[in-house]
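Residue strings, one per chain:
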Amino acid sequence: QVQLVESGGGLVQPGGSLRLSCAASGSMFSVGAMGWYRQAPGKERELVASITSGGSTNYADSVKGRFTISRDNAKNTVSLQMNSLKPEDTAVYYCNYHFRSWDYWGQGTQVTVSS
């Protein structure tokens, strides 16, 4: 069992930055892949960024060069640094843990980019 708790969302102006964090419980954290997904109103949930247990990263084309995902296995945390935010980045952001057939989700944190 893995429990995930996100933090760091909020309201930011276009061009601004936010850092999301996800704290995980459980001893399996280091062996699983971690990801950040987002869901905007009326849209499907989409992958924003992911990082494997070995540290390989993957980004959606829409956030490449602006967002950076990182993980700290010693602290059981994964973070998403978001720079140059745009109004279209507005969504609820979810932390995800994936290992074999297991998927766990956090409760989500709202990110709103607006002037």
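Shown above is the structure to which this text applies.
Residues numbered from 1 in each chain as written. Predicted model: local features only at pLDDT ≥ 70, side-chain atom pairs only at ≥ 80, totals over all residues. Heavy atoms only, no water.

Trainee: For the pairing of strand β5 (residues 46–51), give the residues involved together with the corresponding values.
Mentor: Alignment of strand β4 (residues 33–39) against β5, held across 5 bridges, turns out to be antiparallel. Bridge pairing in β5 places Met-34 opposite Ile-51. Where β5 and strand β6 (residues 57–59) come together, 3 bridges link them in antiparallel fashion. The residue of β6 that forms the bridge with Ser-50 is Asn-58. (Pairing = 2+ DSSP bridges. Helix = DSSP H or I, 4+ residues; strand = E, 2+ residues; numbered from the N terminus.)

Trainee: For the layout of surface pockets, give the residues involved together with the corresponding values.
Mentor: Sizing a probe to match a water molecule and rolling it over the atoms shows the empty space that remains. A volume near 180 Å³ is recorded for the largest pocket. Forming the walls of the largest pocket are 13 residues, and the residues nearest its centre are Arg-38, Lys-43, Glu-46, Glu-88 and Asp-89. Among the residues forming the lining of the largest pocket, the class breakdown is 2 nonpolar, 3 polar and 8 charged. (1 Å grid on protein atoms, 1.4 Å probe; cavity = no way out; pocket = protein on both sides within 12 Å on 5 of 7 lines; lining within 4 Å. Points joined across faces, edges and corners; volume = space filled by probe spheres on them. Nonpolar A, V, L, I, M, F, W, Y, C, P; charged D, E, K, R; others polar.)

Trainee: Pulling in residues and values, what's your account of the nonpolar core?
Mentor: One finds Leu-4, Met-34, Trp-36, Leu-80, Met-82 and Tyr-93 to be the most contacted residues of the largest nonpolar core, which totals 31 residues. Secondary-structure elements contributing two or more residues to this core are β3 (18–24), β4, β5, β7 (67–72), β8 (77–82), β9 (91–99) and β11 (109–113). Broken down by element, this core gets its largest block of residues, 5 residues, from β9. Beyond its immediate stretch of four places on either side in the chain, Leu-80 contacts Leu-18, Arg-19, Leu-20, Trp-36, Val-48, Ala-49, Phe-67, Thr-68, Ile-69 and Tyr-93. (Core = buried A, V, L, I, M, F, W, Y, C linked by side-chain atoms within 4.5 Å. Buried < 20%, exposed > 50% of the residue type's maximum accessible area, 1.4 Å probe, protein only. Contact = heavy atoms within 4.5 Å.)

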